[in-house]
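An overview of the molecular structure
Below, each chain spelled out in residue letters.
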Amino acid sequence: MESSATASTTAEPAPSRTRRWVALHGYNVRICHWINVIAGGYLLLSGIHIFLDFPELYWGHTGYQGYPAIFRLSDWGLSWDEAGELGNRMWGRNYHFTFAWVFLINGVIYAVWSAWTGHFRARLWPAREDLRASALSGELREHLRWSSPARTAATRYGTLQKLSYSFMVFVFVPLMLLTGLAQAPAFAAAWPWLLDLFGGRQTARTLHTIGTVVFVLFVVVHVLEVLLSGAVNRIRAMVTGRFRLPEEAQ
Amino acid sequence: MSERRAGITRRRMLVSVPALGGLLVTGCSDTFRPPVVRSGLIGAADVLTMSTSRWLQADQPLAREYGREHIAPEFPTWGQTNPDDERYQQHVSEQFRHWALPVGGLVEQPSSFSLADIKALPVRTQITAHVCEQGWSAIAEWIGVPLSLLLEAAGGVKPEARYVVFHAVDGWYESIDMFEVVHPQTILAYGLNGEELPVGNGAPLRLRVERQCGYKNIKFIQSIEVVDSLAGIRRGTGGLSSDFGFHWFGGV
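Rules of the game
- Residues numbered from 1 in each chain as written.
- Chains lettered and ligands numbered in written order.
- Predicted model: local features only at pLDDT ≥ 70, side-chain atom pairs only at ≥ 80, totals over all residues.
- Helix = DSSP H or I, 4+ residues; strand = E, 2+ residues; numbered from the N terminus.
- Buried ≥ 20, exposed ≤ 12 C-beta atoms within 10 Å, placed from the backbone.
- Contact = placed C-beta atoms within 7 Å.
- Nonpolar A, V, L, I, M, F, W, Y, C, P; charged D, E, K, R; others polar.
- Expected span 1.5 Å × (residues − 1).
- Pairing = 2+ DSSP bridges.
- Axes fitted to C-alpha atoms, helices over the stretch in contact; angles between N-to-C directions.
- pLDDT = per-residue confidence, 0-100.
- Core = buried A, V, L, I, M, F, W, Y, C linked by C-beta atoms within 7 Å.

1. Considering the overall build of chain B
- A tally of helices and strands in chain B yields nine helices and 10 strands.
- Among the 252 residues that make up chain B, the fraction classed as buried is 48%.
- Considering only contacts within chain B whose residues lie at least 6 apart along the sequence, 70% involve residues at least 24 apart.

Right, here's the structure in full:
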């Protein structure tokens, strides 16, 4: 399949004038991506279960029912009892920690592979000239047109896309991992700096929950972008690796 | 921090428990994997979680201890708060004067300790965060006897000892392995925030195992049993929480 698409599977596929197909994603990216979809889905669902069994957020070291909270689900129309009936923290904990390991191992494989092959530098890291205000505002205007032939044919990530992927890989994931570990008494004992870093277990729990919202927003935008830039072609490329160049780009 | 704190060094604590030798020689896998490994991906994750935690805890770090200013205005009562048991209620009305704790199983001298006996043993006071697996946490001062010193008062544990099992008045039971037993902060608490341990928090005696979640910190302890295997006890998973489906290792 790969060889029929193009002779080379370099990280920077060049659109070809003679072939209708290009190799867009290497198998490592594809495998890691779909494992991430499964692990991320379970992490989100199980995380919601855990949260619903204690639907309040606090700041600092201390937080319990009756202690001043910074967020209460009951203020938003779902009572403690109703939330408790929806949430199953035992199921949630079992699956959250299981898929945290799947996510972590998958992420380490992806990171080592990407650093080794130069994937980060070639595909994910924005070029300096792309970060100029004029370039960014141009791309933003382009995005506000929702869908365009250029985006439907794009075989490289846009700058905003690179920035958001880089943020998720290098900032979001490490922070979610650390705020998660800071909540675990075994890890907080071994690494007491975790508690100092976030200023307490409840702060870590609150940041972890805010991170969940960021994750949902990322997924929503990501899926929306896929839908707007040729859903079938994009999803097929993430499954088979091959991307079909639209007519006008050939 | 407290004039009542016993001068227990980590070295003395480790040397004082004969089981540690056995732990290092034969029972190493106990330290890294739960007594019953669940099936499938969840069981694999359990082993990864426990072995990673224990690997990071190789030098037996203490859980963070806080200053008095961090003590929560009130310590929540959760779960069982007043066992409906005639004999227990009798003990409550007598301020536990006739209450006694049998310590049996694989100890050299199976014994029974009154609350006064237990309070006569070296005291450890620690201000720590109780981390409930549900999500809440509260800092409180716990006063009690290090579990290893109570076991020493029962003659010490036999070399084949691997787990300590706690049975509670309300039918709850829980167990911890020797890695946690020898830890200086693993205490049997009879005091909370300078007062006698209230009924709502597990009077007269509850476990504090500070590097694990709330559900391992069993309340209303009525007997202690040292064993080499959890297989014959109740459903064999090592605790009522793990019978329900929680991970036996409560470190996360």
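2. A few points about the interface of chain B and chain A
- Across the boundary between the two partners, chain B contributes 33 residues, which contact 27 residues of chain A.
- Broken down by secondary-structure element, the contributors of at least two residues to the side of chain B that touches chain A are α4 (40-56), β3 (124-131) and β4 (137-146) of chain B.
- A total of seven residues in the side of chain B that touches chain A trace back to one element, the largest contributor, which is α4(B).
- Here the residues of the side of chain B that touches chain A sort into 19 nonpolar, 10 polar and four charged.

3. Side note on helix α6 (residues 133-144) of chain A
- Between its terminal C-alpha atoms α6(A) stretches 16 Å, which fits the 16 Å expected from 12 residues at 1.5 Å a residue.
- Count one or two residues on from α6(A) and you reach A:W146, which has phi positive near 65 degrees.

4. Examining the sheet that holds strand β2 (residues 111-114) of chain B
Residues and elements named next belong to chain B.
- With mixed pairing, the five strands of this open sheet are ordered in space as β2-β1-β10-β5-β6. Strands with a single pairing partner mark the edges of an open sheet, and in this sheet they are β2 and β6 (173-177). Pairwise comparison of adjacent strand axes, ignoring direction, gives a mean angle of 20 degrees for this sheet.
- Note: strand β5 (residues 163-168) against β6, five bridges, orientation antiparallel. Opposite Y163, over in β6, you have D177 as the bridge partner.

5. What about the confidence of the model for chain B?
Residues and elements named next belong to chain B.
- With 89% of its residues at a pLDDT of 70 or more, chain B shows a mean pLDDT of 91.
- Within the model, the stretch residues 1-27 combines pLDDT values under 50 with 47 contacts to residues more than four positions away or in other chains.
- For this predicted complex, the interface score ipTM comes out at 0.89, alongside a pTM of 0.89.

6. Focus on the nonpolar core
All names here are of chain B.
- Counting 63 residues, the largest nonpolar core has L150, V164, F166, A168, L188, A189 and I221 as the members making the most contacts within it.
- Per element, the largest residue contribution to this core is six residues, and it comes from β4.
- Discounting chain neighbours no more than four positions away, the residues touching L188 are I118, G144, V145, L147, L150, L205, L207 and I221.

7. Describing the pairing of strand β7 (residues 187-192) of chain B
All names here are of chain B.
- In terms of burial, β7 is largely enclosed, as five of its six residues are buried.
- Inspection of the sheet shows β4 paired to β7 by five bridges, in the antiparallel sense. Each bridged residue has a counterpart across the sheet, and for P146 the counterpart in β7 is I187.
- The sheet contact formed by β7 and strand β9 (residues 206-208) spans three bridges and is antiparallel. Directly across from I187, in β9, lies its bridge partner R208.
- Sheet analysis places β7 next to strand β8 (residues 195-196), joined by two bridges and oriented antiparallel. For G191, the partnering residue across the bridge sits in β8 and is E196.
- In sequence, β7 turns back onto β8 through a hairpin of two residues, with N193 there showing a positive phi of about 50 degrees.

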